[in-house]
Amino acid sequence: MNNFYTLIYLNREIKEKIEGSFFDFAISPHKDVLHIYVTDNNETSRLIFSANPRETVLFLDFYRPPKKSNVIDFFEGLEGQEIIDMRLADKDRLVSIYFDNGQHLLFKLFSGNPNVFLVEDGVIVDAFKNPGEVKGEQPPEPEAPEFLEELSPRRSAKNQMTEANPLLPRNLLPYLIEQHDVDEMSPEEVKKFTDEVSEALLEDPHPRVLKTGDFCLWSKEWLDIESEKECTEVNDCVAFGYKNAVHLRRLHEKKEEVVQFLERSESQKESLIEQLQQADKSLERSEEYEKYGHLLMAHAHEKLHDGTTEITIEDFYEGNEQITIPLKEDKSIPENAEYYYEKSKDAKKSYEHAKQRLPKVKRELGQIKELLAEIERIDHLPDMDSWIKNNINTLEEFGYGSNDDNQATSPFRKYKEGKFEIWIGKNAKSNDKLTSHAHKEDIWLHARGVGGSHVVIRMGNRKDYPPQHVLLKAASYAAYFSKAKGMQSAPVMYTKVKYVRKPKGAAPGAVVVEREEVEMVPPMKPKQ
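Presented here is an overview of the structure given in this document. This structure is a prediction, so every number in the text was calculated from the model and none was measured. (Residues numbered from 1 in each chain as written. Predicted model: local features only at pLDDT ≥ 70, side-chain atom pairs only at ≥ 80, totals over all residues. Heavy atoms only, no water.)

## Observations regarding the state of the cysteines
Right, so step 1: Applying the stated criterion across every chain, the model contains one disulfide.
Right, so step 2: The residue that forms a disulfide with Cys231 is Cys237, at a sulfur-sulfur distance of 2.2 Å. With the S-S bond torsion at 95 degrees, the cross-link from Cys231 to Cys237 turns out right-handed.
Right, so step 3: Using a relative accessible area of 15% as the deciding quantity, one classes Cys231 as buried.
Right, so step 4: This cysteine, Cys216, is not joined by any disulfide, and Cys237 carries the nearest cysteine sulfur, 9.7 Å off.
Right, so step 5: For Cys216, a relative accessible area of 1% translates into the label buried. (Disulfide = S-S within 2.5 Å. Buried < 20%, exposed > 50% of the residue type's maximum accessible area, 1.4 Å probe, protein only.)

Written as structure tokens, this is what we have:
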């Protein structure tokens, strides 16, 4: 969303509003999101930075009182420092905010790991994400891309345009190419067209959010796509586009959770209906078992040899044809007859139960299909929340929200120990996700010296360690979900998440632990 040309205007607009203000505090109300509060003449503004690779963005938003509970403060050493400048790097997506104490915040708005670094004397002294990994390193330097005058004749129009200007918003180029038939142009014409659209970005911006959800600076003359919102300032449209993207993502996540549950329920009901529709076989078995009982009772006076497992007798129901009936070798003929009478009763009950249950299961399947159709039509998060609230009783009847369902849909196993939540990885990829989702002050545990699940104790806004009984319980879970499961007592290492890092290119689940402590605990399966 923060293309280089977007940042040109954002830098100007934000600088005009925050220069001369003072850093108040910075918090992270959501994962990968940093809110920086700055104050000037008793007026407070809020600078929002998203480090989510899908929604990397920087913009100034209206003031909203912060929720100070359950959050961590960042860059506390900047409190009270005056903002003296804000600059955008030359032809690169690096934005810096300078303070009067000589430090500056460097916003990296590209790559798969966007971040904010606190820089002093050319060295990183703190960071928003993974500070332990980058402290003491040099901050990223601007890398101006190469602009070609002669374009490769055999490359696609999109590649030719990015050769001429690598800073163009690539997500919009397919629309631009289609509208202006750039595919039909010679390399020289593509170069001329690229120069014209680049000049329009610099000289004639029309900030708007398209119906596609994309942010755009081109007018409809250049890009004829209907606008969702048009703005006089770039910052306002960036803010709108970001909030809209977050809204759609949260809507999708919430819908996906319910849809996956209902689709599982739908599949289960369809399988159950298929089974219940085979109930006639139970009735056939009931009749067969009853016949066995009658035939055996006709021979009740006969004695069996020890170890007899079957008997061949005449079937007077079928013209006295020979029939072989399996026997329980520890029972007499009358006792075997009684055994088959009981099996006949059970099979008949199964048939009657299936016939009674089938209409109910069919009604439930119909309900589930109706719920899925309703969800498909929901386009707004508040509507989704209201829908869940209105249908929660029906959903819970189908098992939605039960612990078994939560464990099935969650990427991690989750358990409660008093006020603390314990997360446990399910596999190597889940372990990676678990550790990356955890906060730097959370507690990380793993059985020492063997393969196993990563375990995290969620600490909220606490910076110390949890009570010993919580730590030992989580350690026993880590031992249980490892190859030390069969041991009477196993060593489990633990540390804070900020001391756990994943080397570049490492296999899923592989990490390096910079410091650790160890507890010996018995492996213990969590209670539901």
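## A few points about the packing of helix H3 (residues 157-164) against helix H5 (residues 187-203)
Right, so step 1: In contact at an axis separation of 9 Å, H3 and H5 are set at 60 degrees when each is read in the N-to-C sense. Considered as vectors, H3 and H5 are oriented oblique to each other. You can see that H3 and H5 cross each other, and the crossing is right-handed. Every residue of H5 that contacts H3 at Ala157, Gln160, Met161 and Ala164 is listed here: Pro187, Val190, Lys191, Phe193, Thr194 and Val197.
Right, so step 2: Its residues placed into classes, the contact of H3 with H5 shows seven nonpolar, two polar and one charged. (Axes fitted to C-alpha atoms, helices over the stretch in contact; angles between N-to-C directions. Helix = DSSP H or I, 4+ residues; strand = E, 2+ residues; numbered from the N terminus. Parallel < 35°, antiparallel > 145°, perpendicular 65-115°, else oblique. Left-handed = near helix turned anticlockwise from the far one by under 90°. Contact = heavy atoms within 4.5 Å. Nonpolar A, V, L, I, M, F, W, Y, C, P; charged D, E, K, R; others polar.)

## A closer look at the packing of helix H6 (residues 234-276) against helix H9 (residues 381-397)
The relative placement of two packed helices comes down to the angle between their axes together with the axis-to-axis distance.
Right, so step 1: Packing of H6 against H9 leaves a shortest axis separation of 10 Å and a crossing angle of 20 degrees. Classed by the angle they form, the pair H6 and H9 counts as roughly parallel. Seen along the crossing, H6 lies across H9 with a hand that is left-handed. Packed against H6, whose contacting residues are His247, Arg250, Leu251, Lys254, Lys255, Val258, Phe261 and Leu262, the element H9 presents Leu381, Pro382, Met384, Asp385, Trp387, Ile388 and Leu395 at the interface.

## Some remarks on a negative patch on the surface
Right, so step 1: Together, Glu178, Asp181, Asp183 and Glu184 make up a negatively charged patch on the protein surface.
Right, so step 2: Tracing the backbone through its elements, the reader meets Glu184 in the loop between helix H4 (173-180) and H5.
Right, so step 3: By relative accessible area, Glu184 is classed as exposed at 66%. (Patch = residues over 30% accessible without salt bridge, like charges linked within 9 Å, V, L, I, M, F, W, Y side chains within 5 Å. Areas by Shrake-Rupley, 256 points an atom, 1.4 Å probe, with all protein chains shown as cover. Salt bridge = Lys/Arg side-chain N within 4 Å of Asp/Glu carboxyl O. Lys, Arg positive; Asp, Glu negative; His and termini not counted. Charge placed at Lys NZ, Arg CZ, Asp CG, Glu CD.)

## Here we look at the nonpolar core
Right, so step 1: Ranked by internal contacts, the top residues of the largest apolar core, which has 69 residues, are Phe75, Leu105, Phe107, Met161 and Trp218.
Right, so step 2: Looking at this core, the element that brings in the most residues is helix H1 (residues 4-18), giving eight residues.
Right, so step 3: If sequence neighbours within four positions are ignored, Leu105 has contacts with Phe23, Ile36, Phe75, Leu78, Val95, Ser96, Ile97, Phe99, Val116, Phe117 and Leu118.
Right, so step 4: Core analysis: the next-biggest nonpolar cluster, separate from the first, contains 23 residues, Val455, Ile457, Val470 and Ala490 among them. (Core = buried A, V, L, I, M, F, W, Y, C linked by side-chain atoms within 4.5 Å.)

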